[in-house]
Structures are given as structure tokens and as C-alpha cells.
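So the chains spell out like this:
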Amino acid sequence: MNTRTDRQIRIGAGIAAALLALGFLLGGILVLLVVSDQAPDVVAPLADPYVRSILGFTLMQAGLSTLLSVVLAIPLALALHRARFAGKRAILRLFLLPQALPVLAGALAVITIWGRNGVVSDGLAAVGLPQLDVYGLTGILVAHVFFNMPLAARLFVAALDRVPAEGWKLAGQLALPPFTVFRTIEWPALRSALPGASALIFMLCVTSFTIVLVLGGGPAATTLEVAVYQALRYDFDPGRAIGLSIIQIVLTALVLVATLILGRDPAGGFGTGGRARRFDARSRVRDVGDGLVVVLGTLFVVSPFAAILVSGLAADLTRLVREATVQEAAITSLLVAAAAASLSLLVSMLVLMAIEALRFGKRPGAARRGTRIGLETATSLVLVVSPVIVGAGWFLALRQVTDVLAAAPYVVVATNAVMAMPFIVRIIGPALSQANAETGKLAEGLGLTGAARFALVDWPAMRRPLALAFAFSLALSFGDLGAIALFGSSDFVTLPYLLLQRMGSYRTADAAGLALILGLVTVALMGLVERGFAGREETGR
Amino acid sequence: MPKLTRSLLRFSASAAVALATVAVIVGGAFAQSGDRPTLTVYTYDSFSAEWGPGPKLKQAFESGCDCTLDFVGLDDGVAILNRLKLEGPSTKADIALGLTSDLIPEAKATSMFMDSEVDVSDLTVPTGFSDAVFVPYDYSYLAFVYDSETVTNPPKSLADLVSGDPNQKIAIEDPRTSTPGLGFLLWMKAVYGDEAAAKWQELQPRILTVTPGWSEAYGLFTKGEVPIVLSYTTSPAYHVIEEGTDRYKAAGFAEGQYLQIEVAGILKETPHAELARKFLTFLVGKEAQSILPTTNWALPVRDDIDLPEAFSDLVSVDEPLLIDPDTVAKNRRAWTDEWLQAVGAR
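Residues numbered from 1 in each chain as written. Chains lettered and ligands numbered in written order. Predicted model: local features only at pLDDT ≥ 70, side-chain atom pairs only at ≥ 80, totals over all residues. Heavy atoms only, no water.

Draft legend 1. Spatial organisation of the overall build of chain B. When its secondary structure is counted, chain B shows 13 helices and 12 strands. Looking at chain B residue by residue over its 346 residues, the buried ones come to 57%. Once local pairs closer than 6 in sequence are excluded, the contacts in chain B between residues at least 24 apart make up 78%. Here chain B displays about 14,000 Å² of accessible surface, and carbon together with sulfur accounts for 51% of that area. (Helix = DSSP H or I, 4+ residues; strand = E, 2+ residues; numbered from the N terminus. Buried < 20%, exposed > 50% of the residue type's maximum accessible area, 1.4 Å probe, protein only. Contact = heavy atoms within 4.5 Å. Areas by Shrake-Rupley, 256 points an atom, 1.4 Å probe, with all protein chains shown as cover.)

Right under this line is the structure:
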């Protein structure tokens, strides 16, 4: 085998993998459009005032969530970047946790802390202020800020890290006052990351499902994503489900286009920072201010974890763990997560290797560039076609040929797999790309192909990020509710689904216990997988 | 390169294990268990719950049938119909239990049900309800139940409720999933007709939350999150008998209470039609009918059942309200949309 054949195999396999993912994402809806005798009704739902109010609410809550997350993240990122203390890296790592925490457990924690009987309400009541009403817009915003503010802060810290060291040195030598540093160095850096970060968070909030389902509190606070689910599970109105899905796809596609125009990489920024050194003149006032901001920000991020721990430990954990339903649900969740993460990793790796293979060879023609962009887009498309919509499409399509609930495990695994792809690609992609930039030419020159090339070039570069990617996708699938919400039944129960059921019947103690179990297993899974795969020689990044 | 080989091996081994185990669960889902026939009954979750009638009925019925009775608890009554529509003829359910008379035409339109052939001649149901397909097993009147310790001036009519203090919150159920929710929608329609949408808008600020089922709403009420909840005239009997308190009371409304007749039907595709018929006959028999009032907290469809003392203190209903089921079937979608618009507006 020569390098050319090797390249062609890699590109072919990558395209096949991308098509597979694409086919799965759009297949359900497409099959449905072809099979069903009537055209999908997009106009009728849009004329419906209720649908219009859902659309309005979707945009409003996403806009406000984004604004709050970004505005709060800026001072936090500035303080974190400026402050010099030992636990900085730990805090930045901690800010990664909300993304791995199962959304349902997070939503529950938000109720515990911010709910009518929660800590914050008690505090407000103590000083004579009205209690917070967590069901509705308030709860949705608090939860979205909890999940997205740390993400924004990390993206901003990464942007500040990208400022060349000379900038900070010069600022130190010239003893620039803080505001001048902000205006000349920090703000331009933040501004470069602002559009990308805002667009990413807006996108995540537009398609938010679990938080809105749990904290929405009825028809007054519903998003399109939840409306699609309700159209199927509440009304069984396939026409409306498809119409709403198409409206949502158009909306998210518009946002994604805006993201691509505004910012470079919508899901980047997985660095844990801590590279640049700063030389600002020390000031007691500012140190205290920074410390305060960091402490408050960290408290806000840590408090839900503490709430899960405290209220979870108050539950009858030993009984829960011994309950057969809980054990079965945990095992099902583990299996689904393992299968989804493996599948996702395999498909993403094939696509990534094809993307790299497209670098080499003759001249970089337009067709090649097109293929590359196509491959890259395919892995991110799940941001546009959200899990509930993928699920809804397949649900309705499969219903015509088979017993939907029997096919449920396959659809849930596949949906979770495509959901994890954007993350995997963004974690492994840069490392693989760097390895190929460094050693790719040499490999080409030596005529390395097939397994040898994989073993010598790709694998060593991918192994560590692979561990993180696998851990992330495991956590993501383990805690997912979007796909299972549609397909769950008494025969197919995952831990998040069971948690939702227990919450539904207001068995709050059980729900808190399950949330703790869910959180602990997620953290254990991530730790174990990262350790197991990453090897011993390197630690920390 | 032993290290590489090892990690490659480790990786492929874990992937293989994962895939194999998924194959096992998926395979397991298809496997059937046991030799005795299993009768699967779709119902709402407060019926199948450990404190509901489910476990007692299961015990009583299984002792004489050499079969397994399996209750599957769904969100609420309307969710049962949604679930059946969604699963289509491949459903595992043999019996659907917990629809209301309002939903009968819609349920029949799925052509998934068969004639029950159960003798219902000795049953007594208000309005003289009777149907070839669906067997009535209990009935109750919708009512707003309030906590007399926090609500000193309870609403005496629907008009009172609608125009009441918006700071005194109520919890209601979603008519798209729940039978009391649907019943309240029809109640408003029966009383206000074309003005219902405007009245919903007036009521909207009082609604703390709309829950998918009765259990959730009633849970919020008993936990003290909300002082008034949409439930049944029979609910106070539960608190008197089980908790020995008369703190929770039902509000009788001047316009009348909406009647909810709960029914059960047999699915056409069931392989156990005979057993299903036997269960429905058992359900309207004296033994089951004596279990239902103090577990499902509804009134029996037989007049030879001795009811506990607490039932004689319930709000008496002179004028049951009921909208003709065919009218409901024709308008349910439009009325639900009207409700969504009124309640969803901000």
C-alpha cells in the first residue's frame, strides 16, 4: 500500500462515517417527509399565537441567559486571570464540571438552592423580601447561567491567555493603570472571544430541553424544543411536531451561520489556562476585589454541587441503591453511555483522520477544501438538529414499520453518540492536527501507511485527548435526558429518566438521592476513564 | 511497542465489552419471561402506586386467575390514550384503565378497542352512562380542594375562583395529559361557553404551575407549596380516614361540579381477551368496588357498597355537569389550543 491509497482509504472511511452521522441526524425527518402523504405544515404553526409565543419565549430566555452568562463571566475571567494564587488551575478545572454534570441533577440543585423553600429564599425571607419563584423564567435563567457562565469564563480566560507575553510585560514596565490595561489589552482580547462565546451559549440555550422541562412550570414557559416533545407525548400530533421541528432547525441554522460569521470556533476553548504571566503593579484594593469576585463566582458554581451532596446524603441512599429499579436503570445507563461513547469516538476518529488526510497529497483544490468543510460541519450539525428533534424524527419514522419502544435502545445510543461528536472533534482535532503538522510530512516521506502510521503518528497524538473525549462523551450520554425522554418506557429506563419520574411524583428525597448517585457515577466515570486511558507519564495540562 | 499495543488492546477491549453488553440488553428486551399469562394494564400512576388500589386489586385478582397482573402507571388518564396512539397496534397493553367518558369517542376512533361483553346491567352511574366498549368502574366530581388553615374565605363558585386574589395561588393539571385537567377545561366551557378563553386569561395569574398529572399537583398542595388544588370532592375523605384531619376541604361551586366517569377498555390486539374480560368483570364486582373508594378515592358504580362515614360529609352534588362526549371529541383540539393561548400568554 502506498501513501496515496492509504490517504484514499482514510478519506473514504471518513466520508462514510460523516455520511452515517448525517444520515442518522436527518434520516428520521427525511424518511418521514417522504413517507407521509401530506406536506409538513410550517405555516399553520407559525400562524398559531401559542406557537408564536413559544418562539418568542425561546428567543427571549436564550437572549437573557446569554446576556447574563456573558456579563457575569467577564469580571470573573478578568479577576481570575489577574489574580495570583495557588488554586487557580483547580478553579478553572472546576469550571469544566458543570458541562459534565447531568443537566437534570443540576436543575434539581437549582431548585434546592433557589426554590421557594431553598437557601436563597430563606435568606430573602429573613430580611423581609419576597421568596423567589423558581418555576418559570427565573429558574430557567438561574440554571442556564449556572451551566454557561463557567463556560464563558473559561473561553474568556483562554482569550486572555492568547495575548502575547510581551503585552503583559510592556504593561508592567510602563506601569499602566488598570483601566488602561483593560482598554488596550484585556478588552480587545475579550472582544475577540465575545461573539463566539455569546453565539455558542445562545445556541445551547435555544435548544435547552431538560432545564425548561423541569423548571418551565407549564405552558407559559415553554421552548420549541419542549413543545416538540409535548406535541408527541402530550398531544400525539405528528404534524405539529414536524412543523415545530422545522421551525427550530431553521432558527438554529440561522444562529449557527451567525456563529460562523461572528466567531471562529463555536465549541473551542477546552484549555485549562494558566500560561501567561502578568506583571501588573500590585494593589491591595484590587487584590481584595479580585478575590471577592473569584470567591463569589466559585461559590455560585460550587453551590449546586454542595446542594446535591447535602440533600442527596439526606435521602435513604442504602434503600435506593438496593432497589432493583435503580440498579437496572444504572446498568442500562452505563451500557447506553459506554456504547454511545465508543460509537461516537469511532465515528469522530474516522472523520478526523480523513480531515487530516485531506491536508496532504497534490495541491489543495477547491474540492478538497469543500470536502474538509463538509466533514467538519457534519460533526457539528447536532447543534442544529437537536437530540429531541432527531429522536422525534426517528420515533415517527420507525413507528410506521416497527414497535418504536423495542427499537428505543438503538435510537437512544445513536442519538447520544452524535450528541457527543462536536465535543470529541474539538478535543481531539487540534492535537491530531498538530501531530500531523509536525510529523505528517516525515510520515509521507517515509511512506508510512496503514496500521504503522496510525500507531506512530495518530495514536500517540490522540491518546491523551482521546481519554478526555471519551470521558466527556460518557458523562454526556450518562446524564442525557433529551433522547430518553421520548423513548423511555417501563421496559427501558435510564437513571435520568427514573429521576424525572421520581421528581414527577414529587418523591423529592428519592430524586435528591438519585441525583447524587447520578453525579457521583459521572465524576467516577470521568476520573476512571481519564486515568485509565491517559497513562501515567503525563499529568495535568 | 508494548505500551501502545497494551493501550490499543485496552481500548478495543472496552469498546467490545460495551457493544456486546448493549446487544445483550437489546436482546433481553425481546425475550419473554414466565409461563403464566401476563395481563398488562395501562393506567395512571396514582392507581398503580403502592398507596393506590393497584397492589390490592393485583393481590385479589391474581389469587383466582393463575396469571400475573401488571399495572403500568403513566402520567395521567389522557396520557394513556396518547401512549396508545403513539404505540399503535403493537402496544403491549391488554387493558387501558383510567380514561374518562369524555375521551370515549376519541378512544374508539383509534379502532384499537373491542367490545367488552361485560355485564354492566346492575351498575349505577349518574346520568345513566353505559357503553358497549368501555366499562365504568368509578366516578367522582371535580372540585377545588383547599387548606382551611390558610384559606379562610374559600371560593363558593367558579366565578369566585376566577376573579379571586391572584396572590392566592392554585395548582391545576394539564388537560393534554391529565383527566382532571381536561375535566376542568370542560367545566369552564360548560359554565362559560364562548367566554371561557377570557375567563382563563382572568384566572391565569392565580395559576402557580400546571402539572402533567394529578399526583404532582396534589403533592405540591400537601407539601404546602400551594393552598388550593384542582382535585375531587372525595379528596377530603382521604385526609379524614388516613390522616384523621379535616383540615383539607373541597369547595362546592354554585354552578355545579363536573362529573368524571372513569372507564376501562380491552385492546383489540390482546392475546388474552378472555382474561381481560374476567378482570373487568372482577373490577365492577363487589370485592373490587369495595376496595376502590378508600384507595382510588372515588365513588363506586354499585349501590350495594358500604361507604365509610367520612363519605357522607362530602360536598353533595345536585347538578352534575357533563359535556356530551361527541362534542368533546369534536372540539377538544380547538379548546385545548384556546387554553394554551390563554394560559401561555404573558
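What follows picks up the thread again.
Draft legend 2. Layout of the nonpolar core. Ranked by size, the top nonpolar core spans 277 residues in total, and within it Phe156(A), Phe113(B), Phe144(B), Ile172(B), Phe184(B), Trp200(B) and Phe279(B) carry the most contacts. Formed jointly, this core draws a minimum of three residues from each of two domains, domain 1 (38-139 + 260-313) and domain 2 (141-258 + 317-344) of chain B. Residues contacting Trp200(B), with those up to four places away along its chain left out, are Ile172(B), Phe184(B), Leu185(B), Met188(B), Ile207(B), Trp339(B), Ala342(B) and Val343(B). Judged by nonpolar contacts, the second largest core, of 12 residues, contains Tyr218(B), Leu220(B), Phe221(B) and Tyr248(B). (Core = buried A, V, L, I, M, F, W, Y, C linked by side-chain atoms within 4.5 Å. Domains from an automatic or database assignment.)

Draft legend 3. The arrangement of helix α9 (residues 214-222) of chain B in detail. Residues and elements named next belong to chain B. With seven of nine residues buried, α9 is to be regarded as a mostly interior element. Buried within α9 are the following residues: Ser215, Glu216, Ala217, Tyr218, Gly219, Leu220 and Phe221. Following α9 by one or two positions, glycine 224 has its phi on the positive side, about 85 degrees.

Draft legend 4. Expanded view of the state of the cysteines. All names here are of chain B. A complete count under the given rule lists one disulfide over all chains for this structure. Here cysteine 65 connects covalently by a disulfide to cysteine 67, the sulfurs 2.0 Å from one another. Residues cysteine 65 and cysteine 67 share a disulfide whose torsion about the S-S bond is about -85 degrees; that sign makes it left-handed. (Disulfide = S-S within 2.5 Å.)

Draft legend 5. Just the packing of aromatic side chains, in detail. All names here are of chain B. One pass over the full model with this rule turns up 30 aromatic pairs over all chains. Between phenylalanine 47 and tyrosine 137, the ring centres sit 6.1 Å apart and the planes meet at 75 degrees, which makes this aromatic pair edge-to-face. Here phenylalanine 47 is found in helix α2 (residues 45-48), whereas its partner tyrosine 137 is found in strand β5 (residues 135-147), with 90 residues between them in sequence. A relative accessible area of 0% means that phenylalanine 47 is categorised as buried. (Phe/Tyr/Trp six-rings, centres within 6.5 Å; stacked < 30°, edge-to-face > 60°.)

Draft legend 6. Summary view of the pattern of salt bridges. Applying the stated rule across the entire model yields 19 salt bridges over all chains. Between Lys58(B) and Glu62(B) there is a salt bridge, with its nearest N and O atoms 2.9 Å apart. Of the two residues, Lys58(B) and Glu62(B) both sit in helix α3 (residues 54-62), four residues apart, roughly one turn of that helix. A relative accessible area of 29% places Lys58(B) in the partly exposed class. Here Lys189(B) and Glu338(B) are joined by a salt bridge, their closest N and O atoms 2.9 Å apart. Here Glu338(B) lies in helix α13 (residues 325-344) and Lys189(B) lies in helix α7 (residues 179-192), a separation of 149 residues in the sequence. Residue Lys189(B) is classed as buried on the basis of its relative accessible area of 11%. A relative accessible area of 24% places Glu338(B) in the partly exposed class. Residues participating in the shared-partner salt-bridge network are Arg240(A), Arg333(B) and Asp337(B). (Salt bridge = Lys/Arg side-chain N within 4 Å of Asp/Glu carboxyl O.)

Draft legend 7. Representation of empty space enclosed by the protein. Residue and element names in this part refer to chain A. One pass over the structure, following the stated rule, counts seven cavities of 30 Å³ or more. By volume, the largest cavity amounts to about 760 Å³. Lining the largest cavity we find 33 residues, and of these Val103, Leu204, Thr207, Met419 and Leu476 sit closest to its centre. Only α5 (97-100), α6 (103-114), α8 (137-161), α10 (178-206), α11 (210-215), α18 (387-399), α19 (404-446) and α20 (450-478) provide two or more residues apiece to the lining of the largest cavity. Of the residues assigned to the lining of the largest cavity, the class counts are 22 nonpolar, nine polar and two charged. (1 Å grid on protein atoms, 1.4 Å probe; cavity = no way out; pocket = protein on both sides within 12 Å on 5 of 7 lines; lining within 4 Å. Points joined across faces, edges and corners; volume = space filled by probe spheres on them. Nonpolar A, V, L, I, M, F, W, Y, C, P; charged D, E, K, R; others polar.)

Draft legend 8. Quick look at the domain arrangement of chain B. Residue and element names in this part refer to chain B. When its domains are assigned, chain B resolves into domain 1 (38-139 + 260-313) and domain 2 (141-258 + 317-344). If you average the C-alpha positions of domain 1 and of domain 2, the two centres end up 24 Å apart. Contacts between domain 1 and domain 2 engage 27 residues on the former and 30 residues on the latter. Between domain 1 and domain 2, roughly 2,300 Å² of surface is buried when both sides are summed, and carbon and sulfur atoms account for 61% of that area. On the domain 1 side of the contact with domain 2, Asp102, Gln260 and Trp297 bury the most area, a combined 33% of that side's loss. (Buried area = accessible area lost by both parts, 1.4 Å probe.)

Draft legend 9. How the structure looks around the packing of helix α16 (residues 324-357) of chain A against helix α17 (residues 366-380) of chain A. Residue and element names in this part refer to chain A. Orientation of α16 relative to α17, taken along the N-to-C sense of each, is 160 degrees, at an axis distance of 10 Å. When the interaxial angle is binned, α16 and α17 end up roughly antiparallel. For the crossing formed where α16 meets α17, the hand is left-handed. Across from Val351, Ala354, Ile355 and Ala357 in α16, the residues of α17 making contact are Arg368, Arg372, Leu375, Glu376 and Thr379. Grouping the constituent residues of the contact of α16 with α17 by class yields five nonpolar, one polar and three charged. (Axes fitted to C-alpha atoms, helices over the stretch in contact; angles between N-to-C directions. Parallel < 35°, antiparallel > 145°, perpendicular 65-115°, else oblique. Left-handed = near helix turned anticlockwise from the far one by under 90°.)

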